[in-house]
Amino acid sequence: MKKFLCLFLLSQFMMSWSQTQSAGSDLNNSLGEEELYRPNFHFTPEQNWMNDPNGMFFYEGQYHLFFQHYPDGNTWGPMHWGHATSENLLDWDEKPIAIYPDELGYIFSGSAVVDLENTSGLAEDGETPIIAMFTYHDAEAEKNGSTTFQSQAIAYSLDQGQTWKKYDGNPVIKNPGIRDFRDPKIQWDELNEQWIMVLAAQDKSLFYTSKNLTDWELAFEFGNKIGAHGGVWECPDFFPIQVKDSNETKWVLIQSLNPGAYNGGSGTQYFVGDFDGKNFTPVADQKNLEANHTYWLDFGKDNYAGVTWANTNMKEDHKLFIGWMSNWQYAEKVPTTKWRSSMTFPRELTLVKKEDSSYRLFSEPANQIDKISKQKRQESKIKSAENTLLLADDSKFEMDKLRVKLKVTISGNKRYTFNLSNDQGDSLVFGFHSADNTFFIDRSKSGKINFSEKFAEKISTAPRTSDDDLLEVEILLDKTSIELFYDEGETVMTEIFFPNSPMTQLELITSEDNFTIEDLNIYQLELN
Ligand code: FRU
């Protein structure tokens, strides 16, 4: 017989909800989509459309985030680079648009670097230019049947990223005859004293090198018969990272593709290997990576086109990452009006060498979240009994800015099902089935789902690659998103959802007798 273990039941919150509820259908109007759905601690543009994160760099105490933005509408349109800055990765200050489209085209995705040595010569001696590289997308040429409408160009800033000037010699890389030719990401290669840029070219990544950021030479290409190819490759990233707890350094290629992700639509795979200044060679067990491989940065449906920050002062074994929290299958249809789309919470990536010698990219929430995580509950060795109510009725948790960490000893053939719900009958169900060693998220009853048949078409799954008996789960909950970090971030699932009223309750249901939660921590995120 199933035992039900209620992790927490937020009845007081529910009570206050049902009081407001008596206002009937006016409630949704008075609460409004804006208040119901705009995230508490995830970046969204003040107004209108956003997709990929672009050009992130850290300089003089500021994290810069640029993004694909259509400022005049709430669906994709002529692309600009929007801009926001933050000192703590939590409070974002949206700035004026950084780069506008012009006669060469829309401003598609790209990256930025801090040119500390002024290798570009674009600043006066002794000054530090910031160099952004982006794709020009000539929509007119595309309409007229051209296939060479995408090229790479440069803009630079001489005031720490606040204002941008386009380079006179644009485009710096002309289209070589490839229809999808975009999303340049630049990285400094310390060992070979050169800049490396990787871009996506249909079904492969192309690597270029440069000494001055304006003259680029094609070094090699990667992607033939390796990895997932169910769609066009987009938004790559390529960087060195020290393997956790070792002196070894590997290079990681992050490669988004759309469609063709593990759970359909847009998603991001990664490759690990060695780089000799010219060629990238994947490690032995990745050499023949098949289409259905398990090297995905995130298995959920809503983390796309993510790349890493340049010039952070992080240790060599960490990279700071952010992704677009949506999926091209339905991004333009999600039920928000004033703004559309948000970013994931920024994440720290680390590379772990496992006992079987495989390398896995782990993601965890950026440590800045610790500063606002107010511990509300800590308990160890929680034993279950049927219908045990573990959290007193008077708890005052706000479920839309919550962080939960727990450790559970798992055993075979059991289900561990979390149910996030409200009193309107909406429920988001996620967890782990040990019988088939699979994590899952089911949002088919999570609220508004009918805006796209793709949104809740299938239950998303992720294979567990850790074989530890102890399952560690970290949950980040906002109004319209859940980010699940399992096994310290070895397997991640990120998905969005749109409940009819705020979620008020989270319970853990298990089919196991004598079930124990080894450790439980619940934090309320305290935002400014
Ligand atoms: C990925 C993408 C990029 C492109 C941008 C256009 O989501 O398609 O390849 O540069 O969006 O907005």
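These figures come from a predicted structure and were not determined experimentally.

Enquirer: Which parts of the structure should I look at to understand the site of the ligand?
Expert: All residues adjacent to the ligand are Asn51, Asp52, Gln68, Trp76, Met79, Phe108, Ser109, Arg182, Asp183, Glu234, Tyr304 and Trp328. Measuring from an oxygen atom of the ligand, one finds a side-chain N or O atom of Asn51 at 3.1 Å. A distance of 2.8 Å separates an oxygen atom of the ligand from a polar side-chain atom of Trp328. Here the residues of the shell around the ligand are counted per class, giving 5 nonpolar, 3 polar and 4 charged.

Enquirer: Please explain the nonpolar core as it appears in this structure.
Expert: Note that soluble globular proteins tend to have their nonpolar side chains buried in a common cluster. Formed by 69 residues in total, the largest nonpolar core has its most connected members in Phe430 and Ile475. Take this core: its biggest share by element is 5 residues, from strand β15 (residues 249-258). Each of domain 1 (4-14 + 368-525) and domain 2 (43-344) gives at least three residues to this core. Not counting residues within four places of it along the chain, the set of residues in contact with Phe430 comprises Tyr416, Thr417, Phe418, Leu420, Phe440, Ile441, Ile475, Ile482, Leu484, Tyr486 and Leu506. Counting 35 residues, the second largest nonpolar core, distinct from the first, contains Tyr136, Ala155, Ile173 and Ala310.

Enquirer: Would you mind showing me how to read the layout of surface pockets here?
Expert: If a probe as big as a water molecule is rolled over the atoms, it shows which places are left empty. Considered as a void within the structure, the largest pocket measures approximately 940 Å³ in volume. Taken together, 32 residues make up the lining of the largest pocket; nearest its centre are Gln187, Trp188, Glu190, Pro240 and Glu316. Within the residue set of the lining of the largest pocket, elements represented by two or more residues are β6 (106-114), β10 (181-189), β14 (232-242), β15 and β16 (267-275). The greatest single-element share of the lining of the largest pocket, amounting to 5 residues, is contributed by β10. Per-class residue counts for the lining of the largest pocket are 14 nonpolar, 8 polar and 10 charged. If you trace the second largest pocket, you find 18 residues lining it, with Val352, Lys354, Phe362, Ser466 and Glu490 closest to the centre. Taken together, the residues of the lining of the second largest pocket break down into 4 nonpolar, 2 polar and 12 charged.

Enquirer: I would appreciate a short explanation of the pairing of strand β32 (residues 491-496) in the present structure.
Expert: Counting buried positions along β32 yields 6 of 6 residues, so the element is predominantly enclosed. In β32, alternate side chains face the same way, and those of Thr491, Met493 and Glu495 on one face and Val492, Thr494 and Ile496 on the other are all buried. With 6 bridges joining them, strand β31 (residues 481-486) and β32 adopt antiparallel strand pairing. Looking at the pairing, Ile482 lines up with Glu495 of β32. In this structure, the hairpin formed by β31 and β32 is closed by a connection of 4 residues, where Asp487 is found at a positive phi of approximately 50 degrees.

Enquirer: Even after reading the chapter, I still don't get empty space enclosed by the protein, so can you show me in this structure?
Expert: Applying the stated criterion across every chain yields a total of 4 cavities of 30 Å³ or more. Taken together, Met325, Ser326, Val334, Thr336, Trp339, Ser341, Ser342, Thr480, Ser481, Ile496 and Phe498 make up the lining of the largest cavity. Partitioned by chemical class, the residues of the lining of the largest cavity number 5 nonpolar, 6 polar and no charged. When residues of the lining of the largest cavity are sorted by domain, at least three fall in each of domain 1 (4-14 + 368-525) and domain 2 (43-344). Counted as a void, the second largest cavity has a volume near 60 Å³. For the second largest cavity, the full set of lining residues is Asp52, Pro53, Asn54, Ser109, Gly110, Asp183, Pro184, Lys185, Cys235, Pro236, Ala305 and Val307. At the level of elements, β2 (48-59), β6, β10, β14 and β18 (304-308) are the ones that each hand at least two residues to the lining of the second largest cavity.

The rules we used
Residues numbered from 1 in each chain as written. Predicted model: local features only at pLDDT ≥ 70, side-chain atom pairs only at ≥ 80, totals over all residues. Heavy atoms only, no water. Near = heavy atom within 4 Å. Polar contact = N/O pair within 3.5 Å; in protein donor to acceptor, adjacent residues only side chain to side chain. Nonpolar A, V, L, I, M, F, W, Y, C, P; charged D, E, K, R; others polar. Core = buried A, V, L, I, M, F, W, Y, C linked by side-chain atoms within 4.5 Å. Buried < 20%, exposed > 50% of the residue type's maximum accessible area, 1.4 Å probe, protein only. Helix = DSSP H or I, 4+ residues; strand = E, 2+ residues; numbered from the N terminus. Domains from an automatic or database assignment. Contact = heavy atoms within 4.5 Å. 1 Å grid on protein atoms, 1.4 Å probe; cavity = no way out; pocket = protein on both sides within 12 Å on 5 of 7 lines; lining within 4 Å. Points joined across faces, edges and corners; volume = space filled by probe spheres on them. Pairing = 2+ DSSP bridges.

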